[in-house]
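# Understanding the architecture of this molecule
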Amino acid sequence: MLENKYDHLKTEKGKYDTWKEKGYFASDNRSGKPHYCIVIPPPNVTGKLHLGHAYDTAIQDIIIRYKRMQGFDVLWLPGMDHAAIATEAKVVKKLKEQGIDKYSYGRENFLGACWDWTHEYAHTIREQWAGLGLSVDYSKERFTLDEGLNNAVKRVFVDYYERGLIYRGERIINWDPAAQTALSNEDVIYKDVEGAFYHLKYFIDGTDRYLDVATTRPETLFGDTAVAVNPKDERYQDLIGQYAVLPVLGRKIPIIADEHADPEFGTGVVKITPAHDPNDFEVGNRHNLERIVVMNPDATMNENAGPYVGMTREECREQLLKDLERDGILIRIEKITHSVGHSERTGVMVEPYLSKQWFVKMRPLADAVLENQKNADSKVNFVPERYEKIMNHWMEITYDWCISRQLWWGHRIPAWYRGEEVYVGMEAPEGEGWVQDEDVLDTWFSSALWPFSTLGWPEKTADMEAYFPNDCLVTGYDIIPFWVNRMTFQALQLTGKRPFKDCVIHGLIRDKLGRKFSKSLGNGIDPFDMVEKYGADSLRYYLTTDVALGTDLRFDEIKIASTWNYINKIWNASRFVLMNIEDLKEISLENLKAEDIWILAKYNKVVRSVSEHMNKYEFNLASSELYEFTWNSFCDTYIELAKDSLKDKATASVLYTVLTGILKMLHPFMPFVTEEIYQKMPLKDAESIMIAPYPQFDPAFDSELPEIKENVLAIDKLIEIIKETRVLKAENNLKPSLALSAVYDGPLAFSDALRSLLDKMCHLTLCEAIEGETLVRPLSEGKLIFDLNKIVDKDAEIQKIDKELERLAKEVKRSEGILSNAGFLAKAPAAKVEEEKAKLKSYQEAVATLEAKKKELVG
């Protein structure tokens, strides 16, 4: 028997270990069942799981549990990501606190510290997966730096290099001065910050004439190697080919004509700094300009900055502007707000930086995706569909991907150098003098292979055959550019197939005000605090059902508490049912009463509807219909209707059938409580609910069948009459047990059994006629005609109405007097006047209502 009260801590304890030990999570590619596969978006091994990961994985577990109950051989492959930049930063910080410098510690020792960190937090993550109830197949767990995945990564790098899809070149890249590594464009987030256009004088060589050059970054002027004007700008035609003098350094730089200079923007003159601006880099290539780097990797000024060497870029700007103003070079400062790139990992301002890096040639890879998305049979199907536009747009505008990172933790680039020679291969080249590239690959390079490398690719494994392409990926829309796009072009290029059939996109979780969670706002939520307080079932259900897919969720703890109440309702109803079916030996759905047929038809309808919604990933709609049925139709209505026939075998069988079906449909959302209740059922169709068959639509109880429909309509009308009768008694302060009579004037005929049930439920007797005065209550179809004398003492009620009318007349007179007072209207605040007008209106409406009621009583 169930405990008297639902206690989530007791209910959830021990179940996960039991499921795991019994092998319920395991996949079997030789089972002969249809296969279904999801690979988990790998969390970073940098700490505890956040609320977003709980959201991701709860949706995935719902899908996996649903498919498992439908009879699929399911593989939910777990794993973790080495998170190069984030993990290295954490380990560097930890070592620094111990007085250890990364570089003096050495690469091998540092990597050992990273592995220690990984093992510690991987254990934490597994415990948290268990806390959320995630039914992942631990026997298949992978890590992006394990041997198999490392070999797959090297294989791709070598293959792409040999095909000319990977190259090494000197280009402007995004540089993180804090982590001191290159970043891809997707690793950069843009923030609006206050800045300025600094207008400077660039004098024409040998003259007193100068050009007004505006820049937002005066500290980079030491790297200027030209000044550009538009070739069609008539203001500067005579200056093209002459030289300007660079402030501070006095170096002569050419004045060039280039379309990059916009005559309509500012003065139409731009400084060209090829080593510190991507657009200037392209201009420099067109005009064969020198590239001068003026900063060190930590964003301090180098020897090319002249007297400002050693300063930070911020210190340099401050001192340089003072010097330029002193020397009469600074014309004016024009304040602006502009969008500036910051590192997504460290938060520092990104520096456009000239550097030799490794790149993936993206155009042919992106074009293949765009072409494939035109094919309905082979494309990645986005849910909701609108998110496909994000991927297609990214593929249309993409640029070569910088994949090298100046870190030690990660997949080391399989390239070796000897003088000017470059060797790329799976293993080190033979011979002496070869030195391996110090850099590692962008974490997303290995993550992009996740859907198939985890299944054994590039080998032709049984798992690859059974589970690739994956059936589904679940992730947030913010990850589409980082991960979804890269998995798609890598899978197409390397396997000739899409990585997954469906890409299910959810929104972001924000606070109640719609803000992102952040440390600075102090609005963060630890999902495991919610698990401790309300249980994993409550958190999972809330996260996955509150909003439609693709829509941002505003986190509200009150709604988790409401879910706990819902679970408690199910618990109490189950406890009542279990007490009354403990002697049930077999299920018999014969000799059913009208209310039995009614609930089975309603149940059957919700089974079909919930399944349809689940198949379309419409978890909010599935849960909403199931909630309505469970709370209202089953708990509040059928159980009450069935209380007088609990010893009946048919009624007990119906209670068992419907409750078991509810538990099964709820199981993907609430695995723990449904298992607890299921294990107490007298007749079980499986050892565990998670491997029990999912409910199926039964044509025998289709509500469209005439004989079924007749019973459904009768009970629906019976319920409406019961509710109307109870409302009538409440309105007139009558005891619920007071016996009333009424004529039912409507299209349905009630059997003696239903009339008897009506009497038991609300003490109402249906009769053929009422003598004397009556009270009519309309129904959705037809009406109820009550004996008024049993409901109302007319004389007493009229006296009560007259007394209230007298009071209201005084209030109306008082209010009208105030509102006719010119002094009040002239001096009182507008809000006070409106308030008084609202009072008068409410008094007048109350008078009209009471007069109508009196008229009805008087006749």
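Below you will find a few notes about this structure. Note that the coordinates shown come from a computational prediction; the quantities given were computed from them, not determined experimentally. (Residues numbered from 1 in each chain as written. Predicted model: local features only at pLDDT ≥ 70, side-chain atom pairs only at ≥ 80, totals over all residues. Heavy atoms only, no water.)

### Considerations on the side chain of K201
With respect to the element layout, K201 can be found in strand β7 (residues 188-204). Lacking a salt bridge, the buried K201 has D212 as its closest oppositely charged neighbour, with an N-O distance of 9.7 Å. In this structure the side chain of K201 is engaged in a polar contact, spanning 3.2 Å, whose partner is the backbone oxygen of G328. In this structure, K201 is in contact with Y210, L211, P247, G328, I329 and I331, ignoring residues within four places of it in sequence. (Helix = DSSP H or I, 4+ residues; strand = E, 2+ residues; numbered from the N terminus. Buried < 20%, exposed > 50% of the residue type's maximum accessible area, 1.4 Å probe, protein only. Lys, Arg positive; Asp, Glu negative; His and termini not counted. Salt bridge = Lys/Arg side-chain N within 4 Å of Asp/Glu carboxyl O. Polar contact = N/O pair within 3.5 Å; in protein donor to acceptor, adjacent residues only side chain to side chain. Contact = heavy atoms within 4.5 Å.)

### Looking at the sheet that holds strand β16 (residues 401-402)
The four strands lie next to each other as β6-β5-β14-β16, forming an open sheet whose pairing is antiparallel. With one partner strand each, in any of the chains shown, β6 (181-183) and β16 form the two edges of the open sheet. With ten bridges connecting them, strand β5 (residues 166-176) and strand β14 (residues 351-360) associate as antiparallel partners. Looking at the pairing, E170 lines up with K356 of β14. In the packing of helix α8 (residues 278-287) onto the sheet, contacts are made with β5 and β14, and the angle to β5 comes to roughly 140 degrees. (Pairing = 2+ DSSP bridges. Axes fitted to C-alpha atoms, helices over the stretch in contact; angles between N-to-C directions.)

### Here we look at the pattern of salt bridges
Applying the stated criterion across every chain, the model contains 57 salt bridges. In this structure, R313 engages E351 in a salt bridge whose closest nitrogen and oxygen atoms are separated by 2.7 Å. Of the two residues, R313 sits in helix α9 (residues 313-326) while E351 sits in strand β14, which places them 38 residues apart along the sequence. Per residue, the accessibility class of R313 equals that of E351, and both read buried. Connected through salt bridges with shared partners, the residues R217, E219, R313, E314, R317 and E351 form a single ionic network.

### Considering the state of the cysteines
One way to say it: the disulfide is the covalent bond shared by the sulfur atoms of two cysteines. Using the criterion set out here, one finds zero disulfides in the structure. C762 supplies the cysteine sulfur nearest to C767, a cysteine that is in no disulfide, at a spacing of 13 Å. Residue classification places C767 among the partly exposed residues on the basis of a relative accessible area of 23%. (Disulfide = S-S within 2.5 Å.)

### Notes on empty space enclosed by the protein
The tally for this structure, following the rule as stated, stands at two cavities of 30 Å³ or more. Here the largest cavity is characterised by a volume of approximately 60 Å³. In this structure, the largest cavity is lined by Y55, I59, L543, T544, V547, A548, L549, Y617, E618, F619 and N620. The set of elements that each furnish at least two residues to the lining of the largest cavity consists of α3 (51-69), α17 (536-545) and α20 (619-642). Across the lining of the largest cavity, the residue classes break down as eight nonpolar, two polar and one charged. The space that makes up the second largest cavity amounts to roughly 30 Å³. Taken together, I570, A573, S574, T630, F634, C635, L659 and I662 make up the full set of residues lining the second largest cavity. (1 Å grid on protein atoms, 1.4 Å probe; cavity = no way out; pocket = protein on both sides within 12 Å on 5 of 7 lines; lining within 4 Å. Points joined across faces, edges and corners; volume = space filled by probe spheres on them. Nonpolar A, V, L, I, M, F, W, Y, C, P; charged D, E, K, R; others polar.)

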